[in-house]
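Tertiary structure, described
The residues making up each chain are set out below.
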Amino acid sequence: MEIKSFTKFVAELIGTFGLVLFGCGAAAIAGATTLGGLSGLGLLGIALAFGLSVVVFAYAIGGISGGHINPAVTIGVLVAGKISIKDASIYIVAQLIGALLAAFVLQQILGGQIAGFKPGEWAYGSNGWGKGYQNEYGLNAAFLTEAVLTFIFLFVILATTSKVGNSTMAGLAIGLTLVLIHLVAIPITGTSVNPARSFGPALLAGGQALSQLWLFIVAPIAGAVVAAIVWRTLDPKGV
């Protein structure tokens, strides 16, 4: 692997690591009222944690790799013709490793509670649906939510980073879009729109989180691919 590709690999790994650690960490550690009586972050706080993480890493590694930190984004950008298959493959591997490492760190932190920590279903900020998860939405609602919101997310990314978009403000616009997405989807699926973000926590949580992981791979990728096709239709010259 040449230096340039390796640099992109490391950037995407670190970026995805940060996104999962900050976002899932906010949900799993500070999302609810603690035993010490401290008020939890709640829905808005968790949404901001994910959105601000994207803003931070968009500006930190955007100049190196584009700051995808999301396999659905990488696949969408690939379909839009803005990245090579080789780089896309490197990005996705890095993203999955980064997400798993972040989930592992989160697991170790939570396990360090003196009173003890017993992970339940959908631990470590895992995504899910159905009975026992959040507001208990069904499969169809969960799939539609993830696909449509990923479509919007990818469309905003392609538009703001194009020649007709305001590239200097792209990171902020993309991060704020993710905040809005979380405000809608947290009660439904916990919000994925990112297969890597779902992969890391689900792999360590096991159980229903792992058995439901397929939806958080298929739905975001489907939404991203459709968004890329729509963007190419609106932007046939690739501006």
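Note that this is a predicted model, so its numbers are computed, not measured.

The geometry of helix 2 (residues 42–65) relative to helix 6 (residues 170–189) is characterised by a closest axis approach of 8 Å and an angle of 155 degrees between their N-to-C directions. As judged from the angle between their axes, helix 2 and helix 6 are roughly antiparallel. In the packing of helix 2 onto helix 6, the handedness of the crossing is right-handed. In contact with Leu43, Leu44, Ile46, Ala47, Leu48, Phe50, Gly51, Val54, Val55, Ala58 and Tyr59 of helix 2, helix 6 contributes Ala170, Gly171, Leu172, Ile174, Gly175, Leu178, Val179, His182, Leu183, Ile186 and Pro187.

Turning to the environment of Val77, a few remarks are in order. Mapped onto the fold, Val77 is located in helix 3 (residues 71–79). Along the backbone, Val77 and Ala224 are 147 residues apart, and their C-alpha atoms lie at a distance of 8.4 Å. In this view, Val77 contacts His68, Lys82, Ile83 and Leu158; residues no more than four positions away in its chain are not counted.

What follows covers the confidence of the model for the protein chain. Per-chain confidence: the protein chain averages 92 in pLDDT, with 93% of residues scoring 70 or above. Across the protein chain, the secondary-structure element scoring lowest on mean pLDDT is helix 1 (residues 3–30), at 93, and the one scoring highest is helix 3, at 98.

A word on the side chain of Asn70. By the element assignment, Asn70 lies in the loop between helix 2 and helix 3. Asn70 sits in the buried class, given a relative accessible area of 3%. Filtering out sequence-adjacent residues up to four positions away, Asn70 remains in contact with Glu12, Gln95, Phe153, Val193, Asn194 and Pro195.

What counts as what
- Residues numbered from 1 in each chain as written.
- Predicted model: local features only at pLDDT ≥ 70, side-chain atom pairs only at ≥ 80, totals over all residues.
- Heavy atoms only, no water.
- Axes fitted to C-alpha atoms, helices over the stretch in contact; angles between N-to-C directions.
- Helix = DSSP H or I, 4+ residues; strand = E, 2+ residues; numbered from the N terminus.
- Parallel < 35°, antiparallel > 145°, perpendicular 65-115°, else oblique.
- Left-handed = near helix turned anticlockwise from the far one by under 90°.
- Contact = heavy atoms within 4.5 Å.
- pLDDT = per-residue confidence, 0-100.
- Buried < 20%, exposed > 50% of the residue type's maximum accessible area, 1.4 Å probe, protein only.

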